[in-house]
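Structure at a glance
One-letter residues, chain by chain:
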Amino acid sequence: HVQLVESGGESVQAGGSLRLSCDTSGYTFSRGCAAWFRQAPGKEREGVASICSIAVYADSVKGRFTISQNTAKNTLYLQMNNLEPEDTAMYYCAAARTVYAGDVLGKNQYEYWGQGTQVTVS
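Cut-offs used in this document
- Residues numbered from 1 in each chain as written.
- Predicted model: local features only at pLDDT ≥ 70, side-chain atom pairs only at ≥ 80, totals over all residues.
- Heavy atoms only, no water.
- Helix = DSSP H or I, 4+ residues; strand = E, 2+ residues; numbered from the N terminus.
- Rg over C-alpha atoms; globule rule 2.2 N^0.38 Å.
- Buried < 20%, exposed > 50% of the residue type's maximum accessible area, 1.4 Å probe, protein only.
- Contact = heavy atoms within 4.5 Å.
- Areas by Shrake-Rupley, 256 points an atom, 1.4 Å probe, with all protein chains shown as cover.
- Lys, Arg positive; Asp, Glu negative; His and termini not counted.
- Charge placed at Lys NZ, Arg CZ, Asp CG, Glu CD.
- Pairing = 2+ DSSP bridges.
- Axes fitted to C-alpha atoms, helices over the stretch in contact; angles between N-to-C directions.
- Disulfide = S-S within 2.5 Å.
- Phe/Tyr/Trp six-rings, centres within 6.5 Å; stacked < 30°, edge-to-face > 60°.

Attention now moves to the overall build of the chain. Across its full length, the chain holds 0 helices and 11 strands. Helices and strands in the chain line up, N terminus first, as β-β-β-β-β-β-β-β-β-β-β. For 122 residues, the compact-globule estimate of 2.2 N^0.38 gives 14 Å, and the chain sits close to it at 13 Å. Each principal axis of the C-alpha distribution contributes one length, and for the chain these read about 40 × 30 × 25 Å. The 122 residues of the chain split such that 45% are buried. Long-range pairs, those at least 24 residues apart, make up 59% of the contacts in the chain with a sequence separation of at least 6. Here the chain has roughly 6,300 Å² of accessible surface; of this, 45% comes from carbon and sulfur atoms. Distance between charge centroids for the chain: 6 Å, based on 10 positive and 11 negative side chains.

Structure (structure tokens):
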């Protein structure tokens, strides 16, 4: 039984920073891949960053966001710097046992999802 719980989302001013965390249970990072997605109202859920041996980022967040994980704690992080209003969304962490290397930011590749944490940038 796999559970993922996000935390760290809040309201922040443009240009500010946040670090999101995703605590997991029943999942071992070393045996799969993990990622962050976000979804704004009325928009499709999009991949933000994925880590599966190597980190991959969406073009919209390159240079601003950093994905990392603490394998001992089974915790995933997303460091978000220089936030913009366009970053406002519900952020979800996700995990999968198997992910195709050519689609690591594809939402359909991930089988386990958290409930999300809201990030609002004004």
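A separate point is the sheet that holds strand E8 (residues 75-80). Spatial ordering of the open sheet is given by E1-E3-E8-E7, a layout of 4 strands whose pairing is antiparallel. Strands at the two margins of the open sheet, each flanked by one partner only, are strand E1 (3-7) and strand E7 (65-70). Strand after strand, the sheet turns through a mean of 15° between neighbouring axes, direction not considered. The pairing of E1 with strand E3 (residues 18-25) spans 5 bridges and is antiparallel. Note that in E3 the partner of Gln 3 across the bridge is Ser 25.

In the structure shown here, the tally under the stated rule is 2 disulfides. Bridging Cys 22 to Cys 93, the disulfide has an S-S length of 2.0 Å. The chirality of the disulfide connecting Cys 22 with Cys 93 is right-handed, given an S-S dihedral of about 60°. Remark: Cys 93 occurs in strand E9 (residues 89-96) and Cys 22 occurs in strand E3; sequence separation between them is 71 residues. Like Cys 22, the residue Cys 93 is buried in the burial classification. With a sulfur-sulfur separation of 1.9 Å, Cys 33 is cross-linked through a disulfide to Cys 52. Separated by 19 residues along the polypeptide, Cys 33 in strand E4 (residues 33-39) and Cys 52 in strand E5 (residues 46-52) bring together distant segments of the chain. A residue is classified by how much of its surface remains accessible, and Cys 33, at 3% relative accessible area, is buried.

A separate point is the packing of aromatic side chains. We describe a pair of aromatic rings using the distance from one ring centre to the other and the angle between the two ring planes. Summed over the entire model, instances satisfying the criterion amount to 2 aromatic pairs. Between Phe 37 and Tyr 110 the ring centres are 5.4 Å apart and the planes differ by 70°, which places this aromatic pair in the edge-to-face class. Taken together, the residues span a long stretch of sequence, with Phe 37 in strand E4 and Tyr 110 in the loop between E9 and strand E10 (112-113) at a distance of 73 residues. Judged by centre distance (4.8 Å) and plane angle (55°), the ring pair of Phe 37 and Trp 113 falls under tilted.

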